[in-house]
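Structural features, examined
Each chain is listed here by its residues.
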Amino acid sequence: FTIPRRKKSLAFNGAVFVLVNGESFSAAATMARYLKEYCGATILGEETGTRYEGFATANLEAITLPVSGYSIGIPCGLSAFPDSKLQPTRNRGLLPDITLSPTVQEALVEKDGVLSRAQQEIRLLLQKE
């Protein structure tokens, strides 16, 4: 994992914000991790569904259980990331800098209140700069 050289004429110099939750896994959680590690992104939302240190990936080997008939997919690969000083936890997903969770009422009416609260938090953070 080497960081590419930054070409100043092409580099984005603004603040980066990423909204995640427990349904952010695989490529989405990996991208959020990279943005946190290498761009100093601020993470908002809930813990991601993928381990910060890496996760099982690649093609699945399918087996069918003989008694139940259930089919199970077993991943045949591993995406492993280097240790981090930004998040020293083990066996956890990416932990947000600002925790935002849906309320029960929002979940019942399928309203995305987290997004509007994230936008408010971002506005406040940008005003402080």
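Sequence order sets the numbering: in each chain, residues are counted from 1 along the sequence as written. Totals for whole chains, interfaces and linings use all residues, but because this is a predicted model, local features are given only for residues with pLDDT of at least 70 and pairs of side-chain atoms are given and counted only at 80 or more. Only hydrogens and water are set aside; all other atoms, that is, all heavy atoms of the structure, feed into the side-chain values.

**Observations concerning the layout of surface pockets**
Only protein atoms enter the 1 Å grid used here, on which a cavity is any set of points holding a 1.4 Å probe that cannot leave and a pocket is any open set flanked by protein within 12 Å on both sides along at least five of seven lines; residues with an atom within 4 Å of a point are listed as lining. Grid points are joined across faces, edges and corners, and a volume is the space filled by probe spheres set on the points. Taken as a whole, the second largest pocket encloses approximately 260 Å³ of empty space. Around the second largest pocket, the lining comprises 17 residues; the ones closest to its centre are Asn-21, Glu-46, Pro-102, Asp-112 and Val-114. Mapped by element, the contributors of at least two residues to the lining of the second largest pocket are strand 1 (17-20), helix 2 (104-108) and helix 3 (113-128). For the purposes of this entry, the term helix denotes a DSSP run of H or I that reaches at least four residues, the term strand denotes a run of E that reaches at least two, and both are numbered from the N terminus. Counting residues per element, the lining of the second largest pocket draws most heavily on helix 3, which supplies 3 residues. Residues are grouped as follows: Ala, Val, Leu, Ile, Met, Phe, Trp, Tyr, Cys and Pro are nonpolar; Asp, Glu, Lys and Arg are charged; all remaining types, including Gly, are polar. When grouped by side-chain class, the residues that make up the lining of the second largest pocket number 7 nonpolar, 4 polar and 6 charged.

**Let's talk about the nonpolar core**
As used here, the term nonpolar core means buried Ala, Val, Leu, Ile, Met, Phe, Trp, Tyr and Cys residues forming a set that is joined through side-chain atoms within 4.5 Å. Only protein chains enter the accessibility calculation, which uses a 1.4 Å probe; a residue whose area is less than 20% of its type maximum is buried, one above 50% is exposed, and one in between is partly exposed. Counting residues in hydrophobic clusters, the biggest one holds 7 residues: Val-18, Val-20, Ala-32, Ala-41, Ile-43, Tyr-52 and Leu-94. Among residues more than four places away in sequence, those in contact with Ala-32 are Val-18, Val-20, Ile-43 and Leu-94. Leu-44, Ile-98, Leu-100 and Val-114 belong to the second largest nonpolar core, which has 5 residues in total. Contact criterion: two residues are considered in contact whenever any of their non-hydrogen atoms come within 4.5 Å of each other.

**Side note on the pairing of strand 2 (residues 42-45)**
Strand pairing requires that DSSP identify at least two bridges connecting the strands. Where strand 1 meets strand 2, 4 bridges bridge the pair, whose relative direction is parallel. Counted as the bridge partner of Phe-17 is Thr-42 from strand 2. In this fold, strand 1 hands off to helix 1 (residues 27-39), which returns the chain to strand 2; that crossover is right-handed. Sheet topology places strand 2 next to strand 5 (residues 98-99); 2 bridges connect them, and they run parallel. What sits directly across from Gly-45, in strand 5, is Thr-99. With the strands aimed away from the viewer, a crossover counts as right-handed if its path from the first strand over the helix to the second runs clockwise.

**Here's the deal with empty space enclosed by the protein**
A complete count under the given rule lists 1 cavity of 30 Å³ or more for this structure. Roughly 40 Å³ of internal volume is contained in the largest cavity. Contributing to the lining of the largest cavity are Ala-29, Thr-30, Arg-33, Thr-48, Thr-50, Arg-51, Tyr-52, Phe-81 and Leu-94. When its residues are assigned to classes, the lining of the largest cavity shows 4 nonpolar, 3 polar and 2 charged.

**Brief notes about the packing of aromatic side chains**
Two rings from Phe, Tyr or Trp (for Trp, the six-membered ring) form a pair when their centres sit within 6.5 Å of each other. Planes less than 30 degrees apart are called stacked, planes more than 60 degrees apart edge-to-face, and all others tilted. Using the criterion set out here, one finds 2 aromatic pairs in the structure. On the numbers, 5.8 Å between centres and 35° between planes, the contact of Tyr-34 with Tyr-38 is tilted. With Tyr-34 and Tyr-38 both in helix 1, this residue pair falls 4 residues apart, about one helical turn. Given a relative accessible area of 26%, Tyr-34 falls into the partly exposed group. Where Tyr-34 meets Phe-81, the ring centres are 5.8 Å apart and the plane angle is 80°; that geometry is what we call edge-to-face. Residue Tyr-34 is found in helix 1, and its partner Phe-81 is found in the loop between strand 4 (71-80) and strand 5; the two are separated by 47 residues along the sequence. Three or more aromatic residues link up through ring pairs in this structure, and these residues are Tyr-34, Tyr-38 and Phe-81. Charge over a ring is defined by NZ of Lys or CZ of Arg lying within 6 Å of the ring centre and within 35 degrees of the ring normal. Directly above the ring of Tyr-52 sits Arg-33, whose terminal nitrogen or CZ lies 4.3 Å from the centroid.

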